[in-house]
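Report on the structure
Residue-level listing of the chains:
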Amino acid sequence: SQQGEEDPQALSIQEGENATMNCSYKTSINNLQWYRQNSGRGLVHLILIRSNEREKHSGRLRVTLDTSKKSSSLLITASRAADTASYFCATGTSGNTPLVFGKGTRLSVIA
Amino acid sequence: DVKVTQSSRYLVKRTGEKVFLECVQDMDHENMFWYRQDPGLGLRLIYFSYDVKMKEKGDIPEGYSVSREKKERFSLILESASTNQTSMYLCASMGQFQETQYFGPGTRLLVL
């Protein structure tokens, strides 16, 4: 069952611009994570935000979480061509329950 | 660094063949997962395992089985491959008290 839904499905921007991707989910969560996937490769974990946090930063990444709206956003500042990839949100609940992934946003950064 | 490896990057099989996809992790993780990824459908969970010899069905287990005889290895088996199982298969692992999954590079399977 897919819980996260990313928006937009695809995003194309110029190098140096900021990229914002959104994720909405349906049920209560313990954490929300963002992963990146380069074309034809596996997913790589970027950042995790817990349900009691509202904002988190990691380098050029900023994640926000609004549990009242059941939504999160990922902001990539000063984008680079190397940021071109698909980005997935994933929600975690309790224990060892598997993460539930969204369908992803495909980001293209044009040099 | 956690390393998750998958036995093949690309596989071509014929309809009806038995197919084994192998996944090995080197971080002593208890939990392991198999997903398939298709355009427009995202990642869908096929099976997961939280311990040796344990397995749980995910969202789309039909047509698949799994084996976990050793902690570091989780195998996905297609008993009789069909063309609708052409897909990208991703393996992942996660420690017992961790929250982050670590993925292998994926196996792109083509069933003719």
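Before reading on, note that the structure itself is shown above.
Note that this is a predicted model, so its numbers are computed, not measured.

Calculation notes
What you see as residue numbers is a count from 1 along each chain, following the sequence as written. Labels follow written order: the first chain is A, the first ligand is 1, and so on. Per-residue local features of the predicted model are confined to residues with pLDDT of at least 70, and side-chain atom pairs are confined, for both listing and counting, to 80 or more; whole-chain, interface and lining totals are unaffected and use all residues. Hydrogens and water are ignored here; the side-chain numbers use all heavy atoms of the structure. We call two residues in contact whenever any of their non-hydrogen atoms come within 4.5 Å of each other. Buried area is understood as the total, over both parts, of accessible area removed when two parts are fitted together, assessed with a 1.4 Å probe. Here a salt bridge means any side-chain nitrogen of Lys or Arg lying within 4 Å of a carboxyl oxygen belonging to Asp or Glu. Think of a polar contact as two N or O atoms within 3.5 Å of one another; within protein, one of them needs to be a possible hydrogen donor and the other a possible acceptor, and neighboring residues in sequence only count if both atoms come from side chains. A run of DSSP states H or I qualifies as a helix once it reaches four residues; a run of E qualifies as a strand once it reaches two. Both are numbered from the N-terminal end. Buried residues are those whose accessible area, probed at 1.4 Å on protein chains only, stays under 20% of the maximum for their type, while exposed residues exceed 50% and partly exposed ones sit between those limits. Two strands qualify as a pair provided that DSSP identifies no fewer than 2 bridges between them. Fitted lines through C-alpha atoms serve as axes, helices being fitted only where they are in contact, and the angles separating the N-to-C directions of these axes extend from 0 to 180 degrees. Only the six-membered ring of Trp is used, alongside the rings of Phe and Tyr, when aromatic pairs are assigned; centres must lie within 6.5 Å, and planes under 30 degrees apart are stacked while those over 60 apart are edge-to-face, with the rest tilted.

Okay, the interface of chain A and chain B next. Each partner contributes residues to the interface: chain A has 20 residues there, and chain B has 24 residues. For the chain A and chain B pair, buried surface summed over both sides reaches about 1,700 Å², with 48% attributable to carbon and sulfur atoms. The interface formed by chain A and chain B contains one salt bridge. Along the contact surface separating chain A from chain B lie six residue pairs in polar contact (both at pLDDT 80 or more).

The next subject is the pattern of salt bridges. All names here are of chain A. Counted by the stated rule, this structure contains 12 salt bridges over all chains. Residue R60 pairs with D83 through a salt bridge whose shortest N-O separation is 2.9 Å. Taken as a pair, R60 in the loop between β6 (55-58) and β7 (61-66) and D83 in the loop between β8 (71-76) and β9 (85-92) lie far apart in primary sequence, 23 residues in all. Since its relative accessible area comes to 23%, R60 is described here as partly exposed.

Next up on the list: the sheet that holds strand β7 (residues 65-70) of chain B. Residue and element names in this part refer to chain B. One open sheet holds the four strands; their spatial order is β1-β3-β8-β7, and the pairing between them is antiparallel. Each edge of the open sheet is held by one strand with a lone partner, namely β1 (4-6) and β7. Strand-to-strand twist across the sheet, computed as the mean angle between neighbouring axes with direction ignored, equals 20°. In this structure, β1 lies alongside strand β3 (residues 19-25), joined through three bridges in antiparallel fashion. Following the sheet pairing, V4 is matched in β3 by Q25.

This part is about the side chain of R36 of chain B. As for its position among the elements, R36 of chain B is in strand β4 (residues 31-38). Among the polar contacts made by the side chain of R36 of chain B, one reaches the side chain of D38 of chain B at a distance of 2.8 Å.

Residues and elements named next belong to chain A. The topology assignment puts M21 in strand β3 (residues 19-24). The class of M21 is buried, set by a relative accessible area of 0%. Put simply, M21 and S58 are 37 residues apart on the chain and 16 Å apart in space, counted from C-alpha to C-alpha. Discounting chain neighbours no more than four positions away, the residues touching M21 are D7, W34, S72, S73, L74, I76, Y87, T105 and L107.

One pair of aromatic rings is described through two measures. These are the centre distance and the angle between the planes. On inspection of all chains with the given rule, the structure shows eight aromatic pairs over all chains. Judged by centre distance (5.6 Å) and plane angle (85°), the rings of F101 of chain A and Y35 of chain B are edge-to-face. One end of the pair, F101 of chain A, is in strand β10 (residues 100-101); the other, Y35 of chain B, is in strand β4, on a second chain. In this structure F101 of chain A comes out as buried when scored by relative accessible area, which is 1%.

Note that every value here comes from positions in space, so none of it alone points to a role or purpose.
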